[in-house]
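Breakdown of the fold
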Amino acid sequence: MHEHLVALEERMQQLRYAIRQALAQHEAAQIGTLHAELRRSQQAWEVLCGLNGAPSGLPPKSVSPSAPSDWSGPRISDLGRRY
């Protein structure tokens, strides 16, 4: 379970960074998509920690701590790099 929490925390950090990058580049559509994924990751983290059950009225959705196959945004290892 610990490795899943760590993976989700890293993914949330990646998403926050990607959101900041999209904001700087004025990419509104990408911001919305990234923010929705961040919310799902945060909900998964809360469920995994036992802080919250599945959102009411919504079926549980699997949130992978790894990036989707079409993910092209920066990784944690890229944080120190300049684009």
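Presented here is a report on the structure given in the accompanying data block. This structure is a prediction, so every number in the text was calculated from the model and none was measured.

Scanning the entire structure with this criterion turns up one salt bridge. Measuring nitrogen to oxygen at the nearest pair gives 2.6 Å for the salt bridge that ties Glu37 to Arg11. Note that Glu37 is positioned in helix H2 (residues 28-49) and Arg11 in helix H1 (residues 2-24), a separation of 26 residues in sequence.

Core analysis: the largest hydrophobic core is formed by eight residues, namely Met12, Leu15, Ala18, Ile19, Ala22, Ile31, Leu34 and Leu38. Those elements that place two or more of their residues in this core are H1 and H2. With five residues, the top contributor of residues to this core is H1.

Spanning 22 residues, H2 covers 31 Å between terminal C-alpha atoms, matching the ideal 32 Å at 1.5 Å per step. Buried within H2 we find Ile31, Leu34, Ala36, Glu37, Leu38, Ser41 and Ala44. Looking at the buried side of H2, the elements it contacts are H1. Phi turns positive one or two residues past the end of H2, at Gly50, with a value near 80°.

Quick notes on the rules
Residues numbered from 1 in each chain as written. Predicted model: local features only at pLDDT ≥ 70, side-chain atom pairs only at ≥ 80, totals over all residues. Heavy atoms only, no water. Salt bridge = Lys/Arg side-chain N within 4 Å of Asp/Glu carboxyl O. Helix = DSSP H or I, 4+ residues; strand = E, 2+ residues; numbered from the N terminus. Core = buried A, V, L, I, M, F, W, Y, C linked by side-chain atoms within 4.5 Å. Buried < 20%, exposed > 50% of the residue type's maximum accessible area, 1.4 Å probe, protein only. Expected span 1.5 Å × (residues − 1). Contact = heavy atoms within 4.5 Å.

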